[in-house]
Amino acid sequence: ARVSPSRASPSRASPTTASGLPTLLLRTDDGAKQRRQAQLTTASFFFTVTPSDDARGALRAAMSSVFAPQMVAAMFADSPQAALAKYVRLLRSSTAAATHATHVLDLVLLWCASLLHGHARMTLAFLGTLFDVLDKVDYYLSDLEATQCALPPLIAQLGSSDDVAVRAAVQLLSTKIVRVYALSKLFMFVLNCGGGVRDE
């Protein structure tokens, strides 16, 4: 992935550590992401349906290594609205938060996937902001992030949701995804899905 954090444009300061990282985020890097992905069974986080308690517990444990305890608690509260709003503020106000997001993107995308069942509208709005930030820092989704974390639950929403607003939001999001993931790869993924996800 190609990252140029200097393109992000901070708007409002957040409490930070001495290193400049917002206090709600814990220090990590791409090496940690690669080690994590090698250890985790991605299939257990394949959230095209409502995730089990075990899957959510495993995801929470993984996210506890990269987010501060108070942020994790908000992320896994009954309503994620406060956590989504906090994260949006961080992403918009801090280049360090934008860089951090690239290092933990697999977990953030899986967290969003787990929220789509029950909180679709606010989650899709957050994903729109997230993809805008990734575009600003020249970050491109890896194939694992796209095909195992982001795209399956989004396609499932498009195929199964009866909410016209949700379907429209997913379609709008697709115009942002192509700025952070190659259109040719997106087309091939959707083509290979066939009708399988839609029929679930």
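Trainee: Help me understand the overall build of the chain, please; the structure alone is not making it clear to me.
Mentor: Summing up its helical and strand segments, the chain has ten helices and zero strands in all. Each helix and strand of the chain, ordered N terminal to C terminal, gives the series α-α-α-α-α-α-α-α-α-α. For the chain, the proportion of its 200 residues judged to be buried stands at 46%. Taking the contacts inside the chain whose residues are at least 6 apart along the sequence as the reference set, 75% of them involve residues at least 24 apart. Accessible area for the chain stands at about 9,500 Å²; split by element, carbon and sulfur atoms hold 55% of it.

Trainee: Sorry if this is basic, but what is going on with helix 6 (residues 105-115) here?
Mentor: Given 3.6 residues per turn, any residue in an α-helix points the same way as the ones three and four places further on. Burial analysis of helix 6 places eleven of its eleven residues in the buried class, the great majority of the element. Those residues of helix 6 lying buried are L105, D106, L107, V108, L109, L110, W111, C112, A113, S114 and L115.

Trainee: Looking at this structure, I do not really get unusual backbone geometry. What am I missing?
Mentor: Most of the time, phi is negative for any residue but glycine, and the peptide bond is trans. Despite not being glycine, D138 shows a phi value in the positive range, around 60°. Here D138 lies in the loop between helix 7 (120-136) and helix 8 (143-160).

Calculation notes
- In this convention, every chain numbers its residues from 1, walking through the sequence in written order.
- Restriction of local features to residues with pLDDT of at least 70 applies here, the model being predicted, together with a cutoff of 80 or more for giving and counting side-chain atom pairs; totals for whole chains, interfaces and linings are based on all residues.
- Water and hydrogen atoms play no part in the side-chain values, which are based on all heavy atoms of the structure.
- Each helix corresponds to a stretch of at least 4 residues labelled H or I by DSSP, and each strand to a stretch of at least 2 residues labelled E; elements are numbered beginning at the N terminus.
- Summary of the burial criterion: residues with accessible area below 20% of their type's maximum are buried, those above 50% are exposed, and those between are partly exposed, where the area comes from a 1.4 Å probe applied to protein chains only.
- Any two residues whose heavy atoms approach within 4.5 Å are treated as being in contact.
- Per-residue and other accessible areas were derived by the Shrake-Rupley procedure at a 1.4 Å probe size, with only the shown protein chains allowed to occlude residues.

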